[in-house]
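Below are the chains, spelled out letter by letter.
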Amino acid sequence: MSVPLFIFIMSHQKINIRNARPKEFRAIGKLMVSIYSQLEGFPKPNEEPEYYTVLSNVGELTKKEDIELLVATSENDNVVGAVVYFSDLKNYGADGAVTQIQNASGFRLLAVDSNEQGKGIGKLLCKACIQRAQKLNQKQVIIHSTASMKIAWGMYERLGFVRYEEIDFTKGNLYVYGFKLSL
């Protein structure tokens with residue numbers, strides 16, 4: 001049994017942030033597909049089937065070195081959010097020069113159940129990633145986002161992330177924006 005990394009009490013609801021268990025991988029994949037496919041202006045599963053295959057099988061990423069799947073669970077252990085944390089950017093999986101950045105961690109594929117959005121769960125997952133990077137004495141945390149994720153942009157900026165244009169890239173017709181947080 002894994003021990004929660006963090007336990008938070010929010011709006012009378014206890015949220016645990018911890019490493020995902022293999023038995024949760026399928027539920028997390030379904031959550032990610034659901035959330036990303038609903039984003040306005042974001043490619044749909046029929047437009048980017050390979051990307052959605054990665055989302056569906058997100059637990060497979062943990063087989064690679066330096067990758068963790070963090071999960072947010074409710075009091076009754078239901079998955080309410082998740083994010084993929086990279087303690088080393090070599091397996092980050094984004095186009096461009098980001099995999100060459102040294103002394104940095106990153107996170108991708110942040111998703112929060114649509115019924116739980118706006119309650120701070122995404123922020124808790126981001127903070128868990130930032131704290132992991134700090135424990136590793138990393139110099140920065142790297143992330144990417146798209147115009148479809150403008151709500152998340154505000155959260156990232158409130159956490160101290162700034163635009164990092166040097167790592168922007170285009171995937172098909174989708175422009176992907178880089179951000180960094182100096183630690």
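Rules of the game
- Residues numbered from 1 in each chain as written.
- Predicted model: local features only at pLDDT ≥ 70, side-chain atom pairs only at ≥ 80, totals over all residues.
- Heavy atoms only, no water.
- Helix = DSSP H or I, 4+ residues; strand = E, 2+ residues; numbered from the N terminus.
- Rg over C-alpha atoms; globule rule 2.2 N^0.38 Å.
- Buried < 20%, exposed > 50% of the residue type's maximum accessible area, 1.4 Å probe, protein only.
- Areas by Shrake-Rupley, 256 points an atom, 1.4 Å probe, with all protein chains shown as cover.
- Lys, Arg positive; Asp, Glu negative; His and termini not counted.
- Charge placed at Lys NZ, Arg CZ, Asp CG, Glu CD.
- Salt bridge = Lys/Arg side-chain N within 4 Å of Asp/Glu carboxyl O.
- Core = buried A, V, L, I, M, F, W, Y, C linked by side-chain atoms within 4.5 Å.
- Contact = heavy atoms within 4.5 Å.
- Axes fitted to C-alpha atoms, helices over the stretch in contact; angles between N-to-C directions.
- Parallel < 35°, antiparallel > 145°, perpendicular 65-115°, else oblique.
- Nonpolar A, V, L, I, M, F, W, Y, C, P; charged D, E, K, R; others polar.
- Pairing = 2+ DSSP bridges.
- Right-handed = clockwise from strand over helix to strand, strands pointing away.
- pLDDT = per-residue confidence, 0-100.
- Polar contact = N/O pair within 3.5 Å; in protein donor to acceptor, adjacent residues only side chain to side chain.

Engineer: So what exactly am I meant to see when it comes to the overall build of the protein here?
Structural biologist: Along the protein, the regular secondary structure elements total four helices and nine strands. In terms of overall dimensions, the protein is globule-like: its C-alpha atoms have a radius of gyration of 15 Å, near the 16 Å expected for 183 residues. Counting only C-alpha atoms and orienting by the principal axes, one finds that the protein spans roughly 40 × 40 × 30 Å. By residue count, 49% of the 183 residues in the protein fall in the buried class. Carbon and sulfur atoms make up 48% of the accessible area of the protein, which amounts to about 9,600 Å² in all. Computed over 22 positive and 19 negative side-chain charges, the inter-centroid distance for the protein is 6 Å.

Engineer: When you look at the pattern of salt bridges in this model, what are you seeing that I'm missing?
Structural biologist: Where charged atoms from two side chains of opposite charge approach closely, those side chains can pair. By the definition in use, this model includes nine salt bridges. E60 is the partner of K63 in a salt bridge, and the nearest nitrogen-oxygen pair spans 2.8 Å. A single salt-bridge network, built from bridges that share partners, covers R18, R21, E24 and D77.

Engineer: Even after reading the chapter, I still don't get the nonpolar core, so can you show me in this structure?
Structural biologist: In this structure, M32, Y36, L69, F107, Y156 and F161 are the most contacted members of the largest nonpolar core, which totals 62 residues. Here this core takes eight residues from helix 3 (residues 121-135), the largest share from any one element. Ignoring anything within four residues of it in the chain, the contact list for L69 reads R18, N19, A20, F25, I28, M32, V58, G59, T62, A82, V83 and V84.

Engineer: Can you help me understand the packing of helix 1 (residues 25-38) against helix 2 (residues 49-56) in this one?
Structural biologist: In contact at an axis separation of 7 Å, helix 1 and helix 2 are set at 140° when each is read in the N-to-C sense. On the basis of their axis angle, the class for helix 1 and helix 2 is oblique. On helix 2, the residues touching G29, M32, V33, Y36 and S37 of helix 1 are Y51, Y52, L55 and S56. Its residues assigned to classes, the contact of helix 1 with helix 2 comprises six nonpolar, three polar and no charged.

Engineer: Explain the pairing of strand 6 (residues 140-146) here, please?
Structural biologist: Across a regular strand the side chains alternate sides, sitting on one face of the sheet and then on the other. Among the seven residues of strand 6, seven are classified as buried, and the element is accordingly described as predominantly covered. Because side chains alternate across strand 6, one face comprises the buried residues Q140, I142, H144 and T146, and the other comprises V141, I143 and S145, equally buried. Across three bridges, strand 5 (residues 104-112) lies against strand 6 in parallel orientation. For S105, the partnering residue across the bridge sits in strand 6 and is V141. In this region the chain leaves strand 5, passes through helix 3 and returns to the parallel neighbour strand 6; the handedness of that crossover is right-handed.

Engineer: I would appreciate a short explanation of the confidence of the model for the protein in the present structure.
Structural biologist: Do not read the predicted coordinates in detail wherever pLDDT is low. For the protein, per-residue confidence averages 91 on the pLDDT scale, and 92% of positions sit at 70 or higher. Ranking the elements of the protein by mean pLDDT puts strand 1 (residues 6-10) last, at 49, and strand 4 (residues 79-86) first, at 98.

Engineer: Explanation requested: the side chain of S105 in the structure shown.
Structural biologist: Tracing the sequence through the fold places S105 in strand 5. S105 sits in the buried class, given a relative accessible area of 0%. In this structure the side chain of S105 is engaged in a polar contact, spanning 3.4 Å, whose partner is the backbone oxygen of S87. Setting aside chain neighbours within four positions, we find S105 in contact with Y85, F86, S87, L89, A133, L136, Q138, Q140, V141 and I142.

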